[in-house]
Amino acid sequence: MKTGRIIRSLSGYYDVQLADGTVERTRARGQFRKSKQKPVVGDFVDFESENDEGFIWQIKARENELIRPLIANVDLAVIVTAVRQPDFTNNLLDRQLVALAAADVQPVIYFSKLDLLEANQRADFEQVVQLYRHIGYSVVCSDQEPLSQLKQLFKDKVVVFMGQTGAGKSTLLNQIAPELNLTTGEVSKALSRGKHTTRQVSLITISSYEAMIADTPGFSSYEVFDFPVEDLADYFPEMAAISGQCRFRGCLHLNEPGCAVKAAVELGTIAPSRYNDYKLFYNLIKQQKPRYSRE
Ligand SMILES: Nc1nc2c(ncn2[C@@H]2O[C@H](COP(=O)(O)OP(=O)(O)OP(=O)(O)O)[C@@H](O)[C@H]2O)c(=O)[nH]1
Ligand SMILES: [Zn+2]
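Treat the numbers as computed from the prediction; the structure is a model and nothing was measured.

Considering the overall build of the protein chain
Then step 1. Helix and strand counts for the protein chain stand at nine helices and 13 strands.
Then step 2. Across the 295 residues that make up the protein chain, the buried fraction comes to 47%.
Then step 3. In the protein chain, of all internal contacts separated by at least 6 residues, the share reaching a separation of at least 24 is 63%.

Considering the packing of helix 2 (residues 90-103) against helix 9 (residues 272-287)
Think of two packed helices as two axes; the pair is described by the angle between the axes and how far apart they sit.
Then step 1. Direction vectors running N to C along helix 2 and helix 9 enclose 65°, while the axes themselves pass 10 Å from each other. With respect to their mutual orientation, helix 2 and helix 9 come out roughly perpendicular. Here the hand of the crossing between helix 2 and helix 9 comes out right-handed. Contacts between helix 2 and helix 9 involve Asn90, Asn91, Asp94, Arg95, Leu97 and Val98 from the former and Ser273, Arg274, Asp277, Leu280, Phe281 and Leu284 from the latter.
Then step 2. The residue inventory of the contact of helix 2 with helix 9, partitioned by class, reads five nonpolar, three polar and four charged.

Regarding the pattern of salt bridges
Then step 1. By the definition in use, this model includes 14 salt bridges.
Then step 2. Close ionic contact of Glu238 with Arg274 constitutes a salt bridge, the shortest N to O distance being 2.6 Å. Residue Glu238 is located in helix 7 (residues 237-240), and its partner Arg274 is located in helix 9; the two are separated by 36 residues in the primary sequence. Each of the two residues, Glu238 as well as Arg274, counts as buried.
Then step 3. Residues joined by salt bridges that share partners form a network here, namely Arg8, Asp15 and Arg25.

What to know about the coordination of the zinc ion (ligand 2)
Then step 1. In the first shell of the zinc ion (ligand 2), the protein supplies Cys246 (SG), Cys251 (SG), His253 (ND1) and Cys259 (SG), at 2.1 to 2.4 Å from the metal.
Then step 2. Around the zinc ion (ligand 2), the four donor atoms sit at angles spanning 103 to 114°, and that spread fits a shape best called tetrahedral.
Then step 3. Donor residues for the zinc ion (ligand 2), ordered by position in the chain, follow C-x4-C-x1-H-x5-C.
Then step 4. The class for Cys251 is buried, based on a relative accessible area of 11%.

As for a nonpolar patch on the surface
Then step 1. A cluster of nonpolar residues, Met1, Phe55 and Trp57, forms a patch on the protein surface that exposes about 320 Å² of accessible area.
Then step 2. The residue Met1 is located in the segment before strand 1 (2-10) in this model.

Looking at the sheet that holds strand 3 (residues 23-28)
Then step 1. Taken in spatial order, the five strands close into a barrel running 1-2-3-5-4, and their pairing is mixed. Between one strand axis and the next, the sheet turns through 55° on average, direction left out of account.
Then step 2. As paired strands, strand 1 and strand 4 (residues 44-47) are joined by four bridges and run antiparallel to one another. What sits directly across from Arg5, in strand 4, is Phe44.

Reading the values: the criteria
Residues numbered from 1 in each chain as written. Chains lettered and ligands numbered in written order. Predicted model: local features only at pLDDT ≥ 70, side-chain atom pairs only at ≥ 80, totals over all residues. Heavy atoms only, no water. Helix = DSSP H or I, 4+ residues; strand = E, 2+ residues; numbered from the N terminus. Buried < 20%, exposed > 50% of the residue type's maximum accessible area, 1.4 Å probe, protein only. Contact = heavy atoms within 4.5 Å. Axes fitted to C-alpha atoms, helices over the stretch in contact; angles between N-to-C directions. Parallel < 35°, antiparallel > 145°, perpendicular 65-115°, else oblique. Left-handed = near helix turned anticlockwise from the far one by under 90°. Nonpolar A, V, L, I, M, F, W, Y, C, P; charged D, E, K, R; others polar. Salt bridge = Lys/Arg side-chain N within 4 Å of Asp/Glu carboxyl O. Donors = N, O, S within 2.8 Å, 3.2 Å for Na, K, Ca; no water. Tetrahedral: all angles 85-135°; square planar, octahedral: opposite > 155°, others 65-115°. Patch = residues over 30% accessible without salt bridge, like charges linked within 9 Å, V, L, I, M, F, W, Y side chains within 5 Å. Areas by Shrake-Rupley, 256 points an atom, 1.4 Å probe, with all protein chains shown as cover. Pairing = 2+ DSSP bridges.

What follows is the structure in structure tokens.
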């Protein structure tokens, strides 16, 4: 029996990479389908394979799992966020941060197109950069030697890229891995194929970064929030850090007296934009059809 990580799946076959870097082809047992457990790219599996034939016998427990693209055990997600074309909005970035936190995937914020800002606009935008850094997020700016910073963050990690169309995902990926040769400036083929066909994500080793990169972008802003509304504050790190100081356990930080979060907003230690997005997302989740109940 061998153990490795699935890096690609193609019509019933899986390419599994072993610790020494070699790749072997194998298949999933029929039994997985019956139990609704299906191996996905990123999974660690025990398998057998000889001359490209054999079976996966066991899927190891997953650290996390993204649905679009379907991939398991992701270490980092780079949220590519343009400051212009399209214009930056806190809402979109916070949405993606919340979605990643709910999926238990560590985010990296990458601000692209900073070169399009005039000097005074760039100085103003630094407040946004500092706001997110202060919360504790890793923030990389396109005009501050981004590649060397990303290199440090990516080491030994499995990385997925996400972000709005036109945000600059392909452009950034081309800088990191020119060998991928992605088309930019239009809906790039390599990155968008996943939306319309059954083509699956592959994990590609980028040796100069000592990292593996998913060649299909991750979910973007249009996700519904797929968790109970009571969990929302957990996904705002600066709120989660102080919610224990609220007078009431289970405080939703809306109208409750003695709310430490609201006090922090008034003091300015929590940014109004973040708290507004919290309230906005709270209402959005409330309006969604209830898929979770806590009874
Ligand atoms: N000035 C400037 N333009 C950029 C930057 N990054 C990307 N662009 C441009 O923005 C446009 C969109 O970039 P892409 O890399 O194709 O964006 P994408 O996120 O891959 O877009 P989709 O493939 O539609 O998802 C292209 O014309 C790029 O040349 C940047 O840092 N500065
Ligand atoms: Zn509270």
